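Structure assessment
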Amino acid sequence: MTIREIITVPNPLLKTISEPVKVIDDEVLSLIDDMIETMYAAPGIGLAAIQVGVPKRILVIDIAREDEARNPLSFINPEIIDPSEILNSFEEGCLSVPGVFEEIERPDECTVKYLDKDGVEQSVRCKGMLATVIQHEMDHLNGVVFVDHLSKLKRDRAIKKSIKSRTSEKNNNE
Ligand code: GNR
Ligand code: NI
């Protein structure tokens, strides 16, 4: 397993629409392993393949608390269906927009249909935190980052702030 580099705004790759996985081969399985390791190292609670520069429709998520056992979930070719009309607001962050946290409204519940690592179709009803993270990750597969849900003014400020925070972090580490 390898920790891969996470791309950040304003890298234009983040706007890519990712392609469905055609065959779940060793390359896909090792990408999933690397994504899980990269997510834990970051640390984050979810990661889309495009965040490590690979435009494939693959997500990994682990919303277990720190005092709980790890529970990495992987989703291949996920689709969101039946989003609830009820919305929920959650403070979101993104490994590709470091240093920025904003309240984002999304459907409170949704169902995700996907292929597991064995290529078997699965369907899960997601609520709360899992629903938020799944929708945040699905956005990445469609070239959308969470700050795209903000007004243009707020989005431009958020991206500037993120670039600035990343630059100062680099300087601190050097
Ligand atoms: O680590 C992450 N935390 C988070 C918090 C609230 C809503 C969404 C997320 S996902 C994020 C990791 C990430 O950027 N995934 O794409
Ligand atoms: Ni993200």
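For the structure itself, look to the data block above.
Quick caveat, the model's predicted, so the values are computed rather than measured.

1. Description of the overall build of the protein chain
Looking only at helices and strands, the protein chain has 3 helices and 7 strands in total. Rg of the C-alpha trace for the protein chain: 16 Å, near the compact-globule value of 16 Å for 174 residues, within the 12% margin. With the C-alpha coordinates of the protein chain rotated into their principal frame, the extents come out at 45 × 40 × 35 Å. Taking all 174 residues of the protein chain together, the buried fraction comes to 40%. Of the contacts made within the protein chain by residues no fewer than 6 positions apart, 64% connect residues no fewer than 24 positions apart. For the protein chain, the exposed area adds up to about 9,800 Å²; of that, 51% sits on carbon and sulfur atoms.

2. Considering the packing of aromatic side chains
Under the criterion given, the structure shown has 1 aromatic pair. The lysine or arginine in question, Arg 70, covers the ring of Tyr 40, its NZ or CZ lying 3.7 Å from the ring centre.

3. A word on the nonpolar core
Ranked by size, the top nonpolar core spans 16 residues in total, and within it Leu 31, Ile 32, Met 35, Leu 47, Val 52, Ile 58 and Val 60 carry the most contacts. Those elements that place two or more of their residues in this core are helix H1 (26-41) and strand E2 (58-61). Excluding residues within four positions of it along the chain, Ile 58 makes contact with Val 21, Val 28, Leu 31, Ile 32, Met 35, Leu 47, Ala 48, Ala 49, Phe 75 and Leu 141. If you look at the next biggest cluster of nonpolar residues, it comprises 15 residues, including Leu 59, Ile 61, Cys 110 and Ile 134.

4. Digging into the coordination of the nickel ion (ligand 2)
Cys 94 (SG), His 136 (NE2) and His 140 (NE2) make up the full set of protein donors to the nickel ion (ligand 2), lying at 2.1 to 2.3 Å. Going along the chain, you hit the donors of the nickel ion (ligand 2) in the pattern C-x41-H-x3-H. Taken together, the residues His 136 and His 140, both in helix H2 (residues 128-141) and 4 residues apart, mark about one turn of the helix. Here His 136 and His 140 have matching classes, each one buried.

5. Structural notes on the site of ligand 1
Taken together, the residues surrounding ligand 1 are Gly 44, Ile 45, Gly 46, Gln 51, Glu 91, Glu 92, Gly 93, Cys 94, Leu 95, His 136, Glu 137 and His 140. Ile 45 is positioned with one of its backbone polar atoms (N or O) 3.0 Å from an oxygen atom of ligand 1. Within the contact set of ligand 1, an oxygen atom lies 3.2 Å away from a side-chain nitrogen or oxygen of His 136. Look at ligand 1: alone it shows 390 Å² of surface, and the protein chains cover 90% of it. When residues of the shell around ligand 1 are traced back to their parent elements, those giving at least two are strand E4 (87-92) and H2. The leading source of residues in the shell around ligand 1 is H2, at 3 residues. Of the residues that constitute the shell around ligand 1, the class distribution is 3 nonpolar, 6 polar and 3 charged.

About the criteria used
- Residues numbered from 1 in each chain as written.
- Chains lettered and ligands numbered in written order.
- Predicted model: local features only at pLDDT ≥ 70, side-chain atom pairs only at ≥ 80, totals over all residues.
- Heavy atoms only, no water.
- Helix = DSSP H or I, 4+ residues; strand = E, 2+ residues; numbered from the N terminus.
- Rg over C-alpha atoms; globule rule 2.2 N^0.38 Å.
- Buried < 20%, exposed > 50% of the residue type's maximum accessible area, 1.4 Å probe, protein only.
- Contact = heavy atoms within 4.5 Å.
- Areas by Shrake-Rupley, 256 points an atom, 1.4 Å probe, with all protein chains shown as cover.
- Phe/Tyr/Trp six-rings, centres within 6.5 Å; stacked < 30°, edge-to-face > 60°.
- Lys NZ or Arg CZ within 6 Å of the ring centre and 35° of its normal.
- Core = buried A, V, L, I, M, F, W, Y, C linked by side-chain atoms within 4.5 Å.
- Donors = N, O, S within 2.8 Å, 3.2 Å for Na, K, Ca; no water.
- Near = heavy atom within 4 Å.
- Polar contact = N/O pair within 3.5 Å; in protein donor to acceptor, adjacent residues only side chain to side chain.
- Nonpolar A, V, L, I, M, F, W, Y, C, P; charged D, E, K, R; others polar.

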